[in-house]
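Commentary on secondary and tertiary structure
Letter by letter, the chains look like this.
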There are 2 protein chains.
Amino acid sequence: MPQAQILSKNQQVVFEIIEKAKGPLKAYSILYDVQKKGIRAPLQVYRALDKLLELGKIHKIESKNAFVACKNSNCEITKATAFSICEKCEKVTEINNSKLSNYLSAFKDSTGMKYSKYNLEFFGLCKKCK
Amino acid sequence: MPQAQILSKNQQVVFEIIEKAKGPLKAYSILYDVQKKGIRAPLQVYRALDKLLELGKIHKIESKNAFVACKNSNCEITKATAFSICEKCEKVTEINNSKLSNYLSAFKDSTGMKYSKYNLEFFGLCKKCK
DNA sequence: TAACAAGCCGTTATATTATAACATTTTTAT
DNA sequence: ATAAAAATGTTATAATATAACGGCTTGTTA
Ligand SMILES: [Zn+2]
Ligand SMILES: [Zn+2]
Ligand SMILES: [Zn+2]
Ligand SMILES: [Zn+2]
């Protein structure tokens, strides 16, 4: 069983902010939030974000340049992500659907290219906004 | 039959650059290319890009902040896009696979949310780079 | 234990991507 | 002809992200 990753101080601080947030956070909004904890520069935030992404503890919502904590029991699968995004209230949910992930992981295009990673973003209206 | 959209001058200029390109282009690289045609400011480029996106003549590769011409016979379906991206040579191909698009267009998550749009990006190594 | 590598940290400066705000002109539809 | 809608041009600025430099800590190993 793999040892739980120990996060460094800055990584921990940034991760906690993202984990507690109700929705995706932008890098500079994270920076603002962590200033009281002594993190002052964008680069400090971006470095923590990079590491957390690499570990699969967070994901980036590409269409929003924002970050969310992984909701799939600390996703080893930073390589296979799918999100649902409400176009009205901006609510983002990580989709955890094994049929979908199996389908996409097995997908091969006509050129025979085999993929090692994918990211899927669905857009629509959530229950509340519909 | 819907009349072919007539592009304005700036839209046409920007579109031609993207269409002729061998790969995805970034906004400021487009700006550089079109300066000889009298387009001087970022906004002029971004406005053209916005319109072209809306028309489905181009798509944005979110993970790269770059733009490609639509290869699916001028995609009415700017709402259902899928790309394959080589992580080594950066080659990007628009995937045109009806099984995949049917599957994704019909996808419903556990909350019953129905989607009006999606974007999927696959990453891997292309034939050449493999 | 010396010395080396790897990872993390802090700081300043700068690059890259994108939009705000305002004034004007062109195109389209009535 | 008139009014509404779309496109243009320009300046300034906002938002997102990385480069470059130097130092500190920790664990490995010669
Ligand atoms: Zn996850
Ligand atoms: Zn909503
Ligand atoms: Zn297309
Ligand atoms: Zn390649």
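Residues numbered from 1 in each chain as written. Chains lettered and ligands numbered in written order. Predicted model: local features only at pLDDT ≥ 70, side-chain atom pairs only at ≥ 80, totals over all residues. Heavy atoms only, no water.

Attention now moves to the relation of the copies chain A and chain B. Between chain A and chain B, the superposition needs a rotation of 180 degrees and an axial shift of 0.0 Å, giving an RMSD of 0.0 Å. The superposition operator between the copies reduces to a two-fold rotation axis. Among all residues of chain A, the one whose C-alpha sits closest to the rotation axis is Leu120(A), at a distance of 2.2 Å. The fraction of interface residues of chain A whose copies in chain B are also interface residues reaches 100%, indicating that both copies meet through the same surface. (Least-squares fit on C-alpha atoms with pLDDT ≥ 70 in both. Contact = heavy atoms within 4.5 Å.)

Our next topic: the sheet that holds strand β4 (residues 92-94) of chain B. A sheet is described by the order of its strands in space; here 6 strands give the open sequence β4(A)-β3(A)-β5(A)-β5(B)-β3(B)-β4(B), paired in mixed fashion. The open sheet has two edge strands, β4 (92-94) of chain A together with β4 of chain B, and neither has a second partner. Taking each pair of neighbouring strands and ignoring which way they run, the sheet shows an average axis angle of 20 degrees. Two elements, strand β5 (residues 115-124) of chain A and strand β5 (residues 115-124) of chain B, share 9 bridges in a ladder whose sense is antiparallel. Looking at the pairing, Asn119(A) lines up with Glu121(B) of β5(B). In the packing of helix α4 (residues 98-106) of chain B onto the sheet, the strands contacted are β5 of chain A together with β3 (80-86) and β5 of chain B, and the crossing angle to β5(B) comes to about 130 degrees. (Pairing = 2+ DSSP bridges. Helix = DSSP H or I, 4+ residues; strand = E, 2+ residues; numbered from the N terminus. Axes fitted to C-alpha atoms, helices over the stretch in contact; angles between N-to-C directions.)

The subject of this paragraph is the environment of Asp50(A). Position of Asp50(A) among the secondary structure elements: in helix α3 (residues 42-55). As a C-alpha pair, Asp50(A) and Asn102(A) span 52 residues in sequence and 27 Å in three-dimensional space.

Residue and element names in this part refer to chain A. Split into domains, chain A comes out as domain 1 (9-69) and domain 2 (80-124). Here the C-alpha centroids of domain 1 and domain 2 sit 22 Å apart. Between domain 1 and domain 2, the contact holds 9 residues from the first and 9 residues from the second. Overall, the association of domain 1 and domain 2 removes approximately 660 Å² of surface from exposure, summing both partners, and the carbon and sulfur fraction of that is 61%. If you sort the residues of domain 1 by the area they bury against domain 2, His 59, Ile 61 and Lys 64 come out on top, with a joint share of 58%. (Domains from an automatic or database assignment. Buried area = accessible area lost by both parts, 1.4 Å probe.)

Moving on, we come to the protein's contact with DNA strand D. Residues in close proximity to DNA strand D total 16 residues, the closest being Lys26(A), Leu43(A), Lys60(A), Gln44(B) and Arg47(B). Near the protein, meaning within 4 Å, the atoms of DNA strand D are sugar or phosphate in a fraction of 46%, with bases accounting for the rest. Here Tyr46(A) contributes a side-chain N or O atom positioned 3.1 Å from a phosphate oxygen of DNA strand D. Listed by contribution, the elements that provide at least two residues to the surface near DNA strand D are α3 of chain A together with α1 (9-20) and α3 (42-55) of chain B. Per-element accounting of the surface near DNA strand D gives the leading share, 4 residues, to α3(B). Looking at the surface near DNA strand D residue by residue, the class counts come to 5 nonpolar, 5 polar and 6 charged. (Near = heavy atom within 4 Å. Polar contact = N/O pair within 3.5 Å; in protein donor to acceptor, adjacent residues only side chain to side chain. Nonpolar A, V, L, I, M, F, W, Y, C, P; charged D, E, K, R; others polar.)

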